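# What the coordinates show
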Amino acid sequence: MNQMMIQAFADNRKRVFEQMPNNSAVLLTSAPPKIRSGDTPYPYCQDKNFYYLTGHNQRHAALLLIKKGTTTTTQMFVVRLTPLQIHWMGPIPGPEEVSKLTGISSVKSIDSLPDTLHRILQNLEILYVDFSPVSTTEPLTESLQLTESLRIRNPHLTIKNAASILTPLRTIKADWEVQRVKNAIRLTFTGLSRMLQEMAPGKTEYTLDAWFTLALQLERSVPAFPTIAATGKNATILHYTQLNDTLQDGDLLLLDLGAEYMHYSADISRTFPVNGTFTAQQRDLYTLVLEANVETIKAVKPGMSLMELNDITRNVLAAGMQRLGYITQGAEIANYYTHGVSHMLGLDTHDVHPDDNRLVPGMVITVEPGLYLENEGIGIRIEDDVLVTDSGSENLSADIPKTAKDVENWIRNVQSQSGR
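All of the points below concern the structure found in this document. Just so it is clear, the structure is predicted and the values come from calculations on it, not from any experiment. (Residues numbered from 1 in each chain as written. Predicted model: local features only at pLDDT ≥ 70, side-chain atom pairs only at ≥ 80, totals over all residues. Heavy atoms only, no water.)

### Points about the overall build of the protein
We apply this condition: Here a helix means four or more residues in a row that DSSP labels H or I, a strand means two or more in a row labelled E, and each is numbered from the N terminus. Computation of the radius of gyration draws on C-alpha atoms, with the globule rule given as 2.2 Å multiplied by the number of residues to the power 0.38. Buried, partly exposed and exposed residues are distinguished by accessible area as a fraction of the type maximum, computed with a 1.4 Å probe on protein chains only: under 20%, between the cut-offs, and over 50%, respectively. Any two residues whose heavy atoms approach within 4.5 Å are treated as being in contact. Areas reported as accessible are Shrake-Rupley estimates using a 1.4 Å probe. Residue values count occlusion only from the protein chains shown.
A count of helices and strands for the protein gives twelve helices and 19 strands. For 420 residues, the compact-globule estimate of 2.2 N^0.38 gives 22 Å, and the protein sits close to it at 24 Å. With respect to the principal axes defined by its C-alpha atoms, the protein has extents near 70 × 50 × 45 Å. Expressed as a percentage of the 420 residues in the protein, the buried residues total 51%. Considering only residue pairs separated by 6 or more positions, the protein has 68% of its internal contacts joining residues 24 or more positions apart. When the accessible surface of the protein is totalled, it reaches about 19700 Å², and 50% of it is carbon and sulfur.

Here you go:
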């Protein structure tokens, strides 16, 4: 980690300290490993809140922030592997190296965390712990089990969810965070172009997904979420991930996907004619969705809410569908447009969001209108990633073609370059 990033994560911790009341602490832990089946784990993914404050990517770690009066203390706890563990797992940074990598001066073995908590929490009033609530029928997560054990051992403590502090901070992206989203978008563009090289009648959805994943892996990236590659009627299923069907001449292919770059996500949707050319009907509907996309992005500015943006999208789509003869009353658009137009984007694809969903400069959101005509086997979605600025917005994915003409040219160009 370079000095600039060490300071960036220190700045994040400083903002947390500014929000903490006196005589309080914040305890965050790294994400626990998750088992796929038997003794086979899923690829490890760090807890986003923990990463936001440390930049640390390894498991079996904890962060403790303490505020007493004007004094703030940062302590980190990481695993120290034995020689036998290193033989099996390979080396990972121990306390001394983590201290150099993060700039946190006090880094100890994770084994010392229980004694440290027992000693420190006795003299505090509030403890913030990172946990997600579950229903009464679900088992307690590891974070909730930790929270409950701390509550029992420290009945004097008021325990609060750390999200109350971290969510407002994470919604406002620093310049370096915006740059990471831009890099994720750039990689997504590369992956999309590779998919279009292979797109043709007779190809399969899962084959295109494989080419996207390969294009990202060659850039040391991974998909930020399971790719939606939906052809024909499958495109009318909002979260279609089976990817089993074959592309047919005359159908559309809806791609909703994104790369991950250093923990930050892109989320892009584009819709393509499988044979390279829109039919007249497809072009009319596509142009309408594009109009909704453009008009909604124009409306993005500080003070707007996601609900207000969605109203703009619905109104554009309703007027257009009436004009095209698909509906007679605006309310009927609910049969063709069935989701919201925006969500927050950042460390998570569906990133944390403020309670009022009101836009503030520094937020990154998606704008993704769509139309879904199940009986005709047509699903169209056009999605961009947009930064809220002081005066309006910046479309971070503006370089990815999206007019009908530009999409057809894009297909033609990449396929000609590949020798087709």
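From this point, the discussion proceeds with the structure in view.
### Side note on the sheet that holds strand β14 (residues 268-273)
The line we're drawing: A pair of strands is labelled paired if DSSP reports no fewer than 2 bridges between them. Simply put, an axis is a line fit to the C-alpha atoms, just over the touching stretch for a helix, and the angle between two N-to-C directions goes from 0 to 180 degrees.
One open sheet accounts for three strands, arranged β10-β11-β14; its pairing is antiparallel. What marks the edges here is a single partner per strand, and that holds for β10 (228-231) and β14. The average angle at which neighbouring strand axes cross in this sheet is 15°, direction not considered. In this structure, β10 lies alongside strand β11 (residues 252-257), joined through four bridges in antiparallel fashion. Bridge pairing in β11 links alanine 230 to leucine 254.

### So, the nonpolar core
In summary, soluble globular proteins display a tendency toward joint burial of nonpolar side chains. As a reminder of what qualifies: Here, nonpolar core refers to any group of buried Ala, Val, Leu, Ile, Met, Phe, Trp, Tyr and Cys residues whose side-chain atoms link them within 4.5 Å.
Ranked by size, the top nonpolar core spans 103 residues in total, and within it Leu359 and Leu371 carry the most contacts. No other element matches the nine residues that helix α8 (residues 175-198) contributes to this core. Contacts of leucine 359, omitting those with residues within four sequence positions, involve Val300, Lys301, Pro302, Gly303, Met304, Leu306, Leu309, Met344, Ile365 and Val388. Core analysis: the next-biggest nonpolar cluster, separate from the first, contains 17 residues, Ala25, Phe77, Ile120 and Leu150 among them.

### Observations regarding the environment of aspartate 245
This is how it is decided: In protein, a polar contact means a hydrogen-donor-capable atom and an acceptor-capable atom, both N or O and within 3.5 Å, with residues adjacent in sequence counting only if both atoms are side-chain atoms; elsewhere, any N or O pair within 3.5 Å suffices.
Tracing the backbone shows aspartate 245 in the loop between β10 and β11. In this structure aspartate 245 comes out as partly exposed when scored by relative accessible area, which is 36%. Look past the residues within four positions of aspartate 245 in its chain and what remains in contact with it is Lys203, Thr204, Glu205, Thr231, Asn234 and Tyr240. Reaching out from aspartate 245, the side chain makes a polar contact with the side chain of asparagine 234 at a distance of 2.8 Å.

### Topic: the packing of α8 against helix α9 (residues 205-217)
Stated precisely, the cut-off is as follows: Working rule for angles: under 35 degrees goes down as roughly parallel, over 145 as roughly antiparallel, 65 to 115 as roughly perpendicular, anything else as oblique. Left-handed describes a crossing whose near helix is turned anticlockwise from the far helix through less than a right angle; right-handed describes the clockwise counterpart. Any residue that is not Ala, Val, Leu, Ile, Met, Phe, Trp, Tyr, Cys, Pro, Asp, Glu, Lys or Arg is counted as polar, Gly included; the first ten are nonpolar and the last four charged.
Packing of α8 against α9 brings their axes to within 8 Å, and their N-to-C directions diverge by 140°. Relative to α9, α8 is oriented oblique. Here the hand of the crossing between α8 and α9 comes out right-handed. In this structure, α8 contributes Leu187, Thr188, Gly191, Leu192, Arg194, Met195 and Glu198 to the contact, and α9 contributes Leu208, Asp209, Trp211, Phe212, Ala215 and Leu216. Class assignment for the residues of the contact of α8 with α9 results in eight nonpolar, two polar and three charged.

### Considering a nonpolar patch on the surface
Condition: Patch definition: residues with relative accessible area over 30% and no salt bridge; like charges joined within 9 Å; nonpolar side chains (Val, Leu, Ile, Met, Phe, Trp, Tyr) joined within 5 Å. The term salt bridge refers to a pairing of a side-chain nitrogen on Lys or Arg with a carboxyl oxygen on Asp or Glu at a separation within 4 Å.
Together, Leu84, Trp88 and Met89 line one region of the surface with nonpolar side chains, adding up to about 430 Å² of accessible area. By the secondary structure assignment, tryptophan 88 is in helix α3 (residues 83-89).

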